[in-house]
Each structure stands twice: as structure tokens, then as C-alpha cells.
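# Inside the fold
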Amino acid sequence: MLNKVYNILPGFVQNLAIEIHRDLRLFAYEFLKAEKSAKCSGISKNVLEGFNRSRRYGPLKHVCYAPYTSMFFSRSGLVSPCYASYNSESSHMSQHSIREIWFNGSFRKIREEHSTCNLSSTCKFCKDIMESGSYGSLLINKYEHYAFSKSEYPVIMEFELSNTCNLSCIMCDSNLSSGIAGADCAGTSGNQHYKSRFFDELREFIPYLQLAEFTGGDPFMIEEYYKIWEMISVLNPACNILVTTNANTMNPRVERFMDSHKKISFNISIDSLQKENYEKIRRNGNFEFALNNIEKFLNYSRKNKTQVNILVCPMTVNRNEFADFVNFANEKQICVYFHTVIKPKNLSLKYFDKNELGKLIADMEKQKFPARTKNEKINSRNFSNLIELLKTWYDDKDSEPEAIESQKPEISTEEAEKILRDKVLTHSPHLADKFDELLSGICDFENADYVKMRLFNVKDDEFFEYLADKSISDLIEICRGLKK
Ligand code: SF4
């Protein structure tokens, strides 16, 4: 009921209500903080207090609401509360039902860990950010809004079922693009783990959803998503849908989807506003077509009062366009968000030449943007956050470990794979097919590059002993268990 009243309030009244609510919770927290710190032994007292003061709704019962509100279905079949928390201990769709995973399975274990704020194993991604004090960048923030849900069922589902994509962007990998997978990972593209049972089981969950998010690949290229969208339109037409797209697909089927659903928001990935550069980065993409489609998404969102954001990968190759993205977003009255790109290293500004990085930061600091509207303020803040991140990387270059790191001879995964294959061909040619089968079996792992580098670093006698003695399925399972 309260939720319904809140939803019809004008934006400024909603913000005021949140402020009052937050202040009241903070006031109560000041009296109870010793007790809360004792329960939350997994986080240091100072960090916990800083985090709680930063929270949009003030201090809350749980440190993160993702395990209580959200399910992320990864392409590997592993299911977790969010994209940053799946690992080899996560429940797998091939062995469990959605119901088992949500009410028991690995979700129960994560909730137990969270009951003492233990983020050290599954949630290290957030723990590191929390300890750095960058509370504004925490993925936890995304789930705060759902903290007051009374549903026993998840209210958010994030689908990453397939890597089917029409582009092969230069910063992407085979896990996210079937175009790239087709070149180096034959037979492991598309949807590997979500069979008809999964879609049948979804029916029980869809009526409770407030938000369904779709990534890929490109969602408009993924057959399975049309099936889910159809189910949502029948079982829960009020559910918000968020599609992250490269804007390079538009056809009568997409148009029908947009005609039949009124609650679709779009995250549009675009990494250049210059045709030549865009098509160099987004290989197989068409700049004019993408811009034209962006206009269609904008028209839809204005008509249906939904959202459009643009997502940018800030890299060496588009570093002179960062301010252009902010101006573009301001002109369209939408928001721009900058990803953090740390791989591939040759495109990441983290590993860029220090002098060039310094010049880039100086140029960015000269930029001035209007900050009259809410979106303009967000865009200006996101641009400032990007400058701050680049400054951290600039300063890190002075630290000793990085200096030592940069002196080490670098070897790419492709080179490591080639050296390994040559070694197998020279040492044990009869194992060459088995080796290729192993590479094929691991190439859709989220951390395939890491696993290949681990294989590369195993001592020769041990490597050949394993390759000769273990079955191919055992080897794949051993590789699956390799963690950073
Ligand atoms: S703490 Fe972070 S990594 Fe863990 S579930 Fe929450 S959002 Fe995901």
C-alpha cells in the first residue's frame, strides 16, 4: 500500500520522503551502532559505520539485499544474487530447480555469510570496494531500493542466458559475443544450460517480479528472451524490463515487442560518436543504423515514460571523446555511465602510458558541463568519477608493485595457448586432440583466460601427467575449480 502511494508522488516529494526516512534511521543507528557492529563482525567498525552513513535509505538490517531480492542467471548456468557473486560453489541450473536454488542451494549459504557481514568469500568484489571507502560505487546500492520488499520470492531477475551477438567488439570476449566465440571457441556459443524445464519453472516466479534485466550477447538476437518477454506480458505486464543492447538490431519482431510492452527501459552500449572509430571498435556495427535505432528507443521511452541510458567503455581508442558522450547525453536528456575497463590491457587506460594519461586527465579537468537538470547533474558526476578513477591509476603507476609488474615480460593468453600447444605437439603429439578438447571445454568459462594462464604456469611434468592420466571431464572439472 505504502509503495503504491509512494509511486504516485511527484519526484521531489519522493526525494524528501527518502531524506526524512534516512535521517530517522541514522538517528536510531547512532544509539544502536555498538550492537550492530558486534553482529556485523565481518566488516571493521569504521568501514561499517562509513557504509551505513552512505546508504540511500540509511542503515538497514542486511548489508546487501541482493541475496534476498535478486537472482542472476549466468551464461555458465551458475546462479547467484548478482553478476559479481557466482563462482564454482554457486548452484547450477543443470542440477537444481529455480525453487531449490532460491529457497536453499547456494543462496542459503550466502545469506548465512551475510548474517555476520562476511563478504570475504562470495562477495569479495564488494568487500574490496567497501574497504576502499568508495561506497558510491558499490554494486550493493543497486539493490537498496528493493530492501522493503515483503515478497518471499525474488523481485529482480537478471538474465544472461546466451552470448548470441551480431557484433565482435574489440574489447569483448567469447563469453559475451558469439561472433568472437565462433572464431576461437566453436560449439560453445548460444544458450548452453537453460532448457525447457527452466522456462516452465519461471512461470512460478514471474508474477512477483518488479524488474527483469536482459543482457547477452545482444538481447534482441536471443531467441529465449522473446519467450520470457511473452510470459511476462501474460503473467506480469506491470513488470519493468531493462534491455542492454548495442542498438544494431531493429526488425518487425523488435518493433512488435516494443509495441506490446510499455515498461521497457534501454541501456545502450556505444563507444564512439564518430563513424570511423565506432565501426573500428564495434566490429560489424553500423554507426548510422545504431543512431537511428537510438532515436527509436528515445521516442519509445519519452512516450512510455521509461528510461534510456548510454553505457560507454572508456578506453585508449576513444579517450578523446569522453566529454562528447556527456554532451550527447545532456542533449538527449538521458544519462551516461562509464564502465571500468581493465582488460584487454592494450585498450585499458589503467595500463596506458603515464605521460599520455596525465595529459588526458588535464584535458578532462578543463571540461565544464551544465548541471541544471537531474540527468545533467548525474552526467557531470559520472564524468568526475571517471577522472577520479583515472587519477588513481595515474598515482598507482608510482607504486613499487606496479613498477615491478611493468618490468615483467608480458605474455598474452593467445601466446600462452600457442606455446602450450607447441609443447604438446613436440612432447606428446598423441595428446594433441585431448588438449584441444580441453581448451574447447573451458573456453566458455567466465575466467577462461585465467585458467589458460594457470595451465601455462603448471610445471611441464605435472602438466603432461595430468593430461595423460585424467579423463577429459575430470580435467574440465579441475579447471572449473581454479579460482583467483
Ligand atoms: S555484496 Fe556485492 S557481490 Fe555480494 S551479493 Fe551483494 S552486490 Fe553481489
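Calculation notes
- Residues numbered from 1 in each chain as written.
- Predicted model: local features only at pLDDT ≥ 70, side-chain atom pairs only at ≥ 80, totals over all residues.
- Helix = DSSP H or I, 4+ residues; strand = E, 2+ residues; numbered from the N terminus.
- Rg over C-alpha atoms; globule rule 2.2 N^0.38 Å.
- Buried ≥ 20, exposed ≤ 12 C-beta atoms within 10 Å, placed from the backbone.
- Contact = placed C-beta atoms within 7 Å.
- Near = placed C-beta within 6 Å.
- Nonpolar A, V, L, I, M, F, W, Y, C, P; charged D, E, K, R; others polar.
- Core = buried A, V, L, I, M, F, W, Y, C linked by C-beta atoms within 7 Å.
- Pairing = 2+ DSSP bridges.
- Axes fitted to C-alpha atoms, helices over the stretch in contact; angles between N-to-C directions.
- Parallel < 35°, antiparallel > 145°, perpendicular 65-115°, else oblique.
- Left-handed = near helix turned anticlockwise from the far one by under 90°.
- pLDDT = per-residue confidence, 0-100.

## Here's the deal with the overall build of the protein
Helix and strand counts for the protein come out as 23 helices and 9 strands. Over its C-alpha trace the protein gives a radius of gyration of 24 Å, about what one expects of a compact globule, namely 23 Å for 484 residues. Residue burial in the protein is summarised as follows: out of 484 residues, 32% are buried. A separation threshold of at least 6 residues defines the contact pool for the protein, and within that pool the share at least 24 residues apart is 70%.

## Details of the site of the ligand
Close to the ligand lie 13 residues, the nearest being Cys 64, Ala 66, Cys 82, Cys 123 and Cys 126. Of all elements in the fold, only helix H4 (66-69) and helix H7 (124-132) reach the threshold of two or more residues within the shell around the ligand. Tallied by class, the residues present in the shell around the ligand amount to 12 nonpolar, 1 polar and no charged.

## Some details on the nonpolar core
The biggest cluster of nonpolar side chains holds 84 residues, and the ones touching the most others in it are Val 79, Ala 212, Ile 268 and Ile 310. With 12 residues, the next largest nonpolar core counts Phe 445, Val 451, Leu 455 and Leu 475 among its residues.

## Considering the environment of Gly 190
Relative to the helices and strands, Gly 190 resides in the loop between helix H9 (178-184) and helix H10 (196-205). Looking at Gly 190, the number of C-beta atoms within 10 Å reads 18, which means it is partly exposed. Taking the C-alpha atoms as reference, Gly 190 lies 7.8 Å from Leu 161; in sequence the two are 29 residues apart. With near-sequence residues (within four places) excluded, Gly 190 lies in contact with Ser 162, Asn 163, Thr 164 and Ser 178.

## Focus: the sheet that holds strand E8 (residues 308-312)
A sheet is described by the order of its strands in space; here 9 strands give the open sequence E3-E2-E1-E4-E5-E6-E7-E8-E9, paired in mixed fashion. Edge positions in the open sheet fall to strand E3 (91-92) and strand E9 (335-338), since each of these has one partner strand only. Pairing between strand E6 (residues 240-245) and strand E7 (residues 264-269): 5 bridges, direction parallel. Residue pairing in the sheet places Thr 244 in a bridge with Asn 267 of E7.

## Quick word on the packing of helix H20 (residues 432-442) against helix H23 (residues 472-480)
Between H20 and H23, the shortest axis-to-axis distance is 10 Å and the interhelical angle comes to 45 degrees. As far as their axial angle goes, H23 and H20 are oblique. Between H20 and H23 the crossing geometry is right-handed. For the pair H20 and H23, the contacting residues are Lys 434, Glu 437, Leu 438, Gly 441 and Ile 442 in the first and Ile 472, Leu 475, Ile 476 and Cys 479 in the second.

## Some words on the confidence of the model for the protein
Any segment with low pLDDT has predicted coordinates that should not be analysed in fine detail. Averaged over every residue, the pLDDT of the protein is 87; the share at 70 or more is 90%. In the predicted structure, residues 400-409 sits below a pLDDT of 50 and forms 2 contacts with residues beyond four places in sequence or in another chain.

## Focus on unusual backbone geometry
A cis amide bond links Gly 216 with the next residue in sequence, Gly 217, at an omega value of 10 degrees. Note on placement: Gly 217 falls in the loop between strand E5 (211-214) and helix H11 (223-235). In this structure, Lys 305 is a non-glycine residue whose phi angle is positive, near 55 degrees. Assignment of secondary structure puts Lys 305 in the loop between helix H14 (287-304) and E8.

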